[in-house]
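# Observations on chain architecture
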Amino acid sequence: MYGFSAKLNSALKNNEYIRDYCRGLEISGENPWDLTLTTEWKDIGKIKITSFVLSDLWALRDWWVYSLNYNSKHLFPLFPTNETLERGITNHYKNHVQRRDIIFNAWLLKEDYLTQDLENEIIGHFFLNRWGTEPEPGLAVADRFQKRKLGTLFIFILINITRLLDKKVIYIRTDIDNTASFKFYQKLGFKHIRDTELEIPVVNYKSIIRELEMDL
Ligand SMILES: CC(C)(COP(=O)(O)OP(=O)(O)OC[C@H]1O[C@@H](n2cnc3c(N)ncnc32)[C@H](O)[C@@H]1OP(=O)(O)O)[C@@H](O)C(=O)NCCC(=O)NCCS
């Protein structure tokens, strides 16, 4: 993608929601599967966002197990919480490698180099599903880092990538019980379009799903 990192850099630097939080933004990479973004984030420190790589698997597992409370996991059921957890994470990674999805991990850098990353930790995870047909973002921020505009950064990375992929609309679904994410998406400009009932009889699951979208 010609000029991918420069275009993303300029879109994020000019973004009114995040410009006061973000210092020394640097972005490299030719396309979304090859992205590295570093910045100094207000009240948090140095963070690094990278496209999902194989060596992130264990840190992502730790993030899922230890950084999200029961409520966050329940509202964002990305991985199973039983013995199939590692398989769930590996399949997620495969979708990225095979370019069905575009997936990122956000790290808090406590050491200077990510290669010495035992001290570094994943503090957020976000992705764009079905980017080729009906792009839909997903994201979660570690509990103790929420409400510091990291979610806003993640969603604007995904929105701008969707735009650079020449898509005209971005669509999102969230459970009716997730009032925090509903307010979050509305604040950032998504429009509520409808509510639909979702039923998965095999696991006896029934819920109302809120659907939102944003024209790009
Ligand atoms: C939803 C989520 C990603 C928001 O991330 P965040 O980094 O905490 O959000 P931000 O700090 O960027 O918030 C931006 C705006 O969203 C709204 N918002 C965020 N969290 C909110 C909450 N708990 N209650 C109400 N509004 C909230 C606010 O309007 C906020 O702006 P303000 O701080 O100026 O009022 C985060 O709460 C999360 O990871 N939740 C668990 C997983 C999840 O539900 N994911 C979404 C599934 S669809």
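None of the values given here were measured: they were computed from a predicted structure. (Residues numbered from 1 in each chain as written. Predicted model: local features only at pLDDT ≥ 70, side-chain atom pairs only at ≥ 80, totals over all residues. Heavy atoms only, no water.)

## Some words on the site of the ligand
- Neighbouring residues of the ligand: 21 residues in total, closest Val141, Lys147, Gly151, Thr152 and Asn178.
- Measuring from an oxygen atom of the ligand, one finds a backbone N or O atom of Gly151 at 2.8 Å.
- For the ligand, the protein covers 80% of the area, taking 920 Å² as the surface of the free molecule.
- Those elements that place two or more of their residues in the shell around the ligand are strand S6 (136–141), helix H5 (150–164), strand S7 (169–175) and helix H6 (179–187).
- In the shell around the ligand, the residues fall into eight nonpolar, seven polar and six charged.
- Of the residues that make up the shell around the ligand, three or more belong to each of domain 1 (4–167) and domain 2 (169–216). (Near = heavy atom within 4 Å. Polar contact = N/O pair within 3.5 Å; in protein donor to acceptor, adjacent residues only side chain to side chain. Areas by Shrake-Rupley, 256 points an atom, 1.4 Å probe, with all protein chains shown as cover. Helix = DSSP H or I, 4+ residues; strand = E, 2+ residues; numbered from the N terminus. Nonpolar A, V, L, I, M, F, W, Y, C, P; charged D, E, K, R; others polar. Domains from an automatic or database assignment.)

## Observations regarding the sheet that holds strand S8 (residues 191–200)
- A sheet is described by the order of its strands in space; here three strands give the open sequence S7-S9-S8, paired in antiparallel fashion. At either end of the open sheet lies a strand with only one pairing partner, and these are S7 and S8. Between one strand axis and the next, the sheet turns by 25 degrees as a mean value, whatever way the strands run.
- Sheet analysis places S7 next to strand S9 (residues 205–215), joined by seven bridges and oriented antiparallel. For Val169, the partnering residue across the bridge sits in S9 and is Asp215.
- This element, H5, spans S7 and S9 of the sheet and lies at about 145 degrees to S7. (Pairing = 2+ DSSP bridges. Axes fitted to C-alpha atoms, helices over the stretch in contact; angles between N-to-C directions. Contact = heavy atoms within 4.5 Å.)

## Focus on the layout of surface pockets
- Taken as a whole, the second largest pocket holds about 210 Å³ of empty space.
- Considering the residues around the second largest pocket, the lining is formed by 14 residues, among which Ala59, Asp62, Asn120, Glu121 and Ile122 are closest to the centre.
- Of all the secondary-structure elements, those providing two or more residues to the lining of the second largest pocket are helix H2 (57–67) and strand S5 (121–129). (1 Å grid on protein atoms, 1.4 Å probe; cavity = no way out; pocket = protein on both sides within 12 Å on 5 of 7 lines; lining within 4 Å. Points joined across faces, edges and corners; volume = space filled by probe spheres on them.)

## Quick word on the sheet that holds S5
- Spatially, S1-S2-S3-S4-S5-S6 is the arrangement adopted by the six strands of the open sheet, whose pairing is antiparallel. At either end of the open sheet lies a strand with only one pairing partner, and these are strand S1 (22–28) and S6. Direction aside, neighbouring strands of the sheet carry axes that sit 15 degrees apart on average.
- Pairing of strand S4 (residues 102–108) with S5, which is carried by seven bridges, proceeds in the antiparallel orientation.

## A closer look at the nonpolar core
- Judged by nonpolar contacts, the single largest core of 61 residues is most densely connected at Leu12, Ile49, Trp63, Leu150, Phe154, Ile155 and Phe190.
- Here this core spans two domains, since at least three of its residues come from each of domain 1 (4–167) and domain 2 (169–216).
- For Leu12, the contacting residues outside a window of four places in its chain are Ile18, Leu25, Ile27, Leu37, Phe156, Ile157 and Asn160. (Core = buried A, V, L, I, M, F, W, Y, C linked by side-chain atoms within 4.5 Å. Buried < 20%, exposed > 50% of the residue type's maximum accessible area, 1.4 Å probe, protein only.)

## Side note on the domain arrangement of the chain
- The domain architecture assigned to the chain consists of domain 1 (4–167) and domain 2 (169–216).
- When each unit is reduced to the centre of its C-alpha atoms, the spacing between domain 1 and domain 2 is 20 Å.
- Each partner contributes residues to the interface: domain 1 has 18 residues there, and domain 2 has 14 residues.
- For the domain 1 and domain 2 pair, buried surface summed over both sides reaches about 1,400 Å², with 67% attributable to carbon and sulfur atoms.
- The largest per-residue losses of area from domain 1 upon contact with domain 2 belong to Leu75, Glu136 and Ile159, which jointly make up 33% of the total buried on that side.
- Our count for the domain 1 to domain 2 interface comes out at one salt bridge.
- A salt bridge links Arg173 to Glu136, with the shortest nitrogen-to-oxygen separation between them at 3.0 Å.
- Summed over the shared surface of domain 1 and domain 2, the result is three residue pairs in polar contact (both at pLDDT 80 or more).
- When contributions to the side of domain 1 that touches domain 2 are tallied by element, the ones reaching two or more residues are S6 and H5.
- Tallying contributions element by element places H5 first for the side of domain 1 that touches domain 2, with eight residues. (Buried area = accessible area lost by both parts, 1.4 Å probe. Salt bridge = Lys/Arg side-chain N within 4 Å of Asp/Glu carboxyl O.)

## Points about the pattern of salt bridges
- Following the criterion strictly, the structure yields nine salt bridges and no others.
- Residues Glu136 and Arg130 are paired through a salt bridge, measuring 2.8 Å at the closest nitrogen-oxygen approach.
- In this structure Arg130 comes out as partly exposed when scored by relative accessible area, which is 31%.
- Across the pair Glu211 and Arg194 runs a salt bridge, and its minimum N-O distance is 2.7 Å. Here Glu211 is found in strand S9, whereas its partner Arg194 is found in strand S8, with 17 residues between them in sequence.
- Judged by relative accessible area, which is 43%, Arg194 ranks as partly exposed.
- Overlapping salt bridges bring together Arg130, Glu134, Glu136 and Arg173 as one network.

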